[in-house]
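# Chains, contacts and geometry: an overview
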Amino acid sequence: MSEPLVIVGNGMAAARLVDELAKSALGRYAIAVIGAEPRLAYNRVLLSSVLAGETASHDIELRPADWWRDCGVTLKYGCFATEIDVGRRELKIENDESIAFSKLVLATGSTPLRLNVPGAELAGVHTFRDSRDVDLLLTLAAQKKRVVVVGGGLLGLEAAYGLAKAGAPVTLIHLMDRLMERQLDAPAAELLKSLVERKGVKVLLNANTACIHGETRVEAIELSDGRRIDADAVIFAAGIRPNVALAKDAGISVNRGIVVDDVLQTGAPGIFALGECAEHRGICYGLVEPAYEQARVLARHLAGRAAAYEGSVVATNLKVSGVSVFSAGDFMGAEGTEAIVLNDASGGTYKKLVISGGRLTGAVLVGDVGDALWYLELIRKQQPIARIRTDMMFGRSLALPAEAA
Ligand SMILES: Cc1cc2nc3c(=O)[nH]c(=O)nc-3n(C[C@H](O)[C@H](O)[C@H](O)COP(=O)(O)OP(=O)(O)OC[C@H]3O[C@@H](n4cnc5c(N)ncnc54)[C@H](O)[C@@H]3O)c2cc1C
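Notes on the structure follow.

How each quantity is defined
- Residues numbered from 1 in each chain as written.
- Predicted model: local features only at pLDDT ≥ 70, side-chain atom pairs only at ≥ 80, totals over all residues.
- Heavy atoms only, no water.
- Helix = DSSP H or I, 4+ residues; strand = E, 2+ residues; numbered from the N terminus.
- Rg over C-alpha atoms; globule rule 2.2 N^0.38 Å.
- Buried < 20%, exposed > 50% of the residue type's maximum accessible area, 1.4 Å probe, protein only.
- 1 Å grid on protein atoms, 1.4 Å probe; cavity = no way out; pocket = protein on both sides within 12 Å on 5 of 7 lines; lining within 4 Å.
- Points joined across faces, edges and corners; volume = space filled by probe spheres on them.
- Nonpolar A, V, L, I, M, F, W, Y, C, P; charged D, E, K, R; others polar.
- Expected span 1.5 Å × (residues − 1).
- Pairing = 2+ DSSP bridges.
- Axes fitted to C-alpha atoms, helices over the stretch in contact; angles between N-to-C directions.
- Contact = heavy atoms within 4.5 Å.
- Phe/Tyr/Trp six-rings, centres within 6.5 Å; stacked < 30°, edge-to-face > 60°.
- Near = heavy atom within 4 Å.
- Polar contact = N/O pair within 3.5 Å; in protein donor to acceptor, adjacent residues only side chain to side chain.
- Areas by Shrake-Rupley, 256 points an atom, 1.4 Å probe, with all protein chains shown as cover.
- Right-handed = clockwise from strand over helix to strand, strands pointing away.
- Salt bridge = Lys/Arg side-chain N within 4 Å of Asp/Glu carboxyl O.

What follows is about the overall build of the chain. Helix and strand counts for the chain come out as 12 helices and 25 strands. For the chain, whose C-alpha radius of gyration is 23 Å, the value lies close to the compact-globule estimate of 22 Å for 405 residues. Projecting the C-alpha coordinates of the chain onto the three principal axes gives extents of approximately 65 × 65 × 35 Å. For the chain, the proportion of its 405 residues judged to be buried stands at 50%.

Structure (structure tokens):
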């Protein structure tokens with residue numbers, strides 16, 4: 001008889017895990033997926049495209065309903081899991097139902113942070129995480145509401161770009177002196193800012209939110225330097241917090257995320273966690289690629305094969321507000337490193353390659369990211385680059401013409 005395996009969360013990590021299990025452990029488990037969102041798992045990354053009107057919401061589903069049926073998965077979506085009874089090996093869901101499990105996987109993702117400032121509870125303050133948020137933001141844009149987006153990282157930029165493209169007057173405010181400061185150096189961030197401004201978004205840097213004004217609804221946002229921006233809505237895009245409550249309440253060890261070992265097992269035998277809710281070797285990843293790598297390892301482990309997750313080398317390779325952006329490794333350039341830089345601000349291209357000890361150790365690209373994966377491979381493999389150093393900046397086909405042909 002198949003072993004009951006229950007997955008909590010119907011997001012990107014859960015869908016990839018079922019995909020991997022369907023390949024490697026077909027028939028071994030009777031799988032049930034319990035998901036809070038009222039729709040089939042979808043590609044969350046593409047919510048930005050839905051907001052920008054470039055993709056239809058129904059086109060972002062990861063798998064159609066009959067695929068889940070054919071895999072023999074029992075899907076309960078629009079359904080919130082409330083409690084894990086570790087001893088009785090039961091998961092409780094919101095309408096008092098319980099599901100027995102032999103193995104349990106937590107794939108509960110994250111929740112957007114709301115800044116702890118006066119007025120944060122007013123009507124008109126929103127976040128950007130799921131398809132219901134996108135529906136709401138599109139309504140704001142259709143009504144030409146004045147929107148302030150708080151946070152100049154990937155999510156804030158995507159929200160601001162999508163809203164501006166959909167017709168809303170948008171101001172993006174960011175605490176730091178440059179956008180995406182964890183992924184970009186100053187010239188790259190400056191170029192990104194000017195490209196984003198060309199798309200109709202007003203960007204304010206060094207902008208610390210002091211409070212949100214309004215009687216019952218948002219009327220304005222005030223910065224700590226006294227600046228005031230009139231607004232009908234505020235979108236918080238200032239970070240995420242892993243969803244750990246289910247695990248924590250069950251006595252399973254959590255730090256920032258749910259603590260897992262190299263087979264993604266939590267402190268409770270037979271209970272696993274992966275994706276944004278998991279913390280592995282002290283790191284909670286906020287990107288899709290690590291979640292997919294974890295899904296591969298966990299599926300192998302659940303299939304009874306040897307597997308170990310040793311962490312992910314993450315690179316940023318994104319289209320931000322319609323602008324291609326890539327960074328990896330030591331892109332700031334630590335002491336003793338050298339940098340080769342190409343900066344064409346009016347052409348919309350910036351490239352920086354950081355070299356240390358005759359090897360490529362970091363890169364930042366804005367605009368032209370055609371060779372991003374090649375640079376990433378050079379960084380990961382740490383190959384000597386003396387032979388290609390002069391032409392490397394101009395891409396693989398010039399640096400390695402014979403090989404690329
Ligand atoms: C707009 C946007 C753009 C992004 N762009 C990028 C990008 O370009 N590149 C990139 O790498 N990453 C991007 N990300 C991040 C990426 O989407 C996440 O890293 C990824 O979705 C994580 O997958 P996950 O399965 O861990 O979490 P999620 O996809 O969030 O899935 C978790 C699911 O669990 C459900 N859940 C939570 N608690 C419970 C419960 N108690 N009971 C039942 N269900 C529950 C949630 O409702 C949710 O559906 C973006 C995210 C957003 C929001």
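Let us keep going from here.
Turning to empty space enclosed by the protein, a few remarks are in order. The full count for this structure, using the stated rule, is one cavity of 30 Å³ or more. Considering only enclosed or pocket space, the largest cavity measures out at about 40 Å³ in volume. As for the largest cavity, its lining consists of Pro112, Leu113, Phe128, Leu155, Phe236, Ala237, Ala238, Gly239 and Ile240. In terms of residue class, the lining of the largest cavity is built from eight nonpolar, one polar and no charged.

With that settled, consider helix α5 (residues 154-165). Taking 1.5 Å per residue as the helical rise, α5 with its 12 residues ought to reach 16 Å, and the 16 Å between its terminal C-alpha atoms agrees with that figure. Among the 12 residues that make up α5, nine are buried, leaving the element largely enclosed by the rest of the structure. Of all the positions in α5, only Gly156, Leu157, Glu158, Ala159, Ala160, Tyr161, Gly162, Leu163 and Ala164 are classed as buried. Just past α5, the residue glycine 167 takes up positive phi, approximately 115°.

Turning next to the sheet that holds strand β1 (residues 3-8). As summarised here, the arrangement of the five strands in space is β3-β2-β1-β7-β19, forming an open sheet in which the pairing is parallel. Strands at the two margins of the open sheet, each flanked by one partner only, are β3 (74-77) and β19 (271-273). Averaged over all neighbouring strand pairs, the angle between strand axes comes to 15°, with direction disregarded. In this structure, β1 lies alongside strand β7 (residues 103-106), joined through four bridges in parallel fashion. Bridge pairing in β7 links leucine 5 to lysine 103. Sitting on the sheet, helix α1 (residues 12-24) touches β1, β2 (29-35) and β7, and the angle it makes with β1 is about 155°. Those strands touched by helix α8 (residues 288-302) are β1, β2, β7 and β19, and its axis lies near 160° from that of β19.

Another aspect to go through is the packing of aromatic side chains. For any two aromatic rings, the description comes down to two numbers: the centre-to-centre distance and the angle of the planes. Counted by the stated rule, this structure contains two aromatic pairs. Here tryptophan 67 and tryptophan 68 contribute two aromatic rings whose centre-to-centre distance is 5.1 Å and whose plane-to-plane angle is 85°, an arrangement assigned as edge-to-face. The buried category is assigned to tryptophan 67, whose relative accessible area is 16%. Classification of tryptophan 68 by relative accessible area gives buried; the value is 3%. Judged by centre distance (5.4 Å) and plane angle (35°), the rings of tryptophan 374 and tyrosine 375 are tilted. Of the two residues, tryptophan 374 and tyrosine 375, neither departs from the other in class, the shared state being buried.

Here alanine 123 is to be found in the loop between β8 (110-112) and β9 (125-127). If near-sequence neighbours (up to four positions away) are discounted, alanine 123 is found in contact with Thr216, Arg217 and Val218.

As a further point, take the site of the ligand. Around the ligand, the surrounding shell holds 31 residues, and the nearest of these are Ala13, Glu37, Arg44, Arg129 and Glu276. Within the contact set of the ligand, an oxygen atom lies 2.6 Å away from a side-chain nitrogen or oxygen of glutamate 37. The separation between an oxygen atom of the ligand and a polar main-chain atom of valine 288 is 2.9 Å. Burial of the ligand by the surrounding chains reaches 92%, relative to a free accessible area of 1000 Å². Of all the elements in the fold, those that place two or more residues in the shell around the ligand are α1, β2 and α5. Its residues assigned to classes, the shell around the ligand comprises 17 nonpolar, 10 polar and four charged.

Before going further, it helps to examine the layout of surface pockets. Taken as a whole, the second largest pocket encloses approximately 170 Å³ of empty space. Around the second largest pocket sit 12 residues that line it, and Leu378, Gln383, Arg387, Ile388 and Leu400 are the ones nearest its centre. No other element matches the three residues that helix α9 (residues 372-381) contributes to the lining of the second largest pocket. Of the residues contributing to the lining of the second largest pocket, the split by class is seven nonpolar, one polar and four charged.

All right, on to the pairing of β1 then. Judged from the six bridges that link them, β1 and β2 form a sheet pairing that is parallel. Bridge pairing in β2 places valine 6 opposite alanine 32. Read from β1 through α1 to β2, the crossover connection turns out right-handed.

What follows concerns the sheet that holds strand β22 (residues 323-329). Ordered in space as β21-β22-β25-β24-β23, the five strands form an open sheet in which the pairing is antiparallel. Sheet topology places β21 (316-320) and β23 (338-344) at the edges, where each strand pairs with a single neighbour. Between one strand axis and the next, the sheet turns through 15° on average, direction left out of account. In this sheet, strand β24 (residues 349-356) lies alongside β23 in antiparallel orientation, the contact comprising seven bridges.

Pairs can form between side chains of opposite charge once their charged atoms are near each other. On inspection of all chains with the given rule, the structure shows 19 salt bridges. Note that lysine 23 is salt-bridged to glutamate 20, the shortest N-O span being 3.8 Å. Within this pair, lysine 23 and its partner glutamate 20 are both found in helix α1, separated by three residues, close to a single helical turn. On the basis of relative accessible area, lysine 23 is assigned to the exposed category, the value being 63%. Among the ionic pairs, glutamate 338 bridges to arginine 389, the shortest N-O distance being 3.0 Å. Placement of the pair is glutamate 338 in strand β23 and arginine 389 in helix α10 (residues 389-392), with a sequence separation of 51 residues. By relative accessible area, glutamate 338 is classed as partly exposed at 40%. Classification of arginine 389 by relative accessible area gives partly exposed; the value is 32%.

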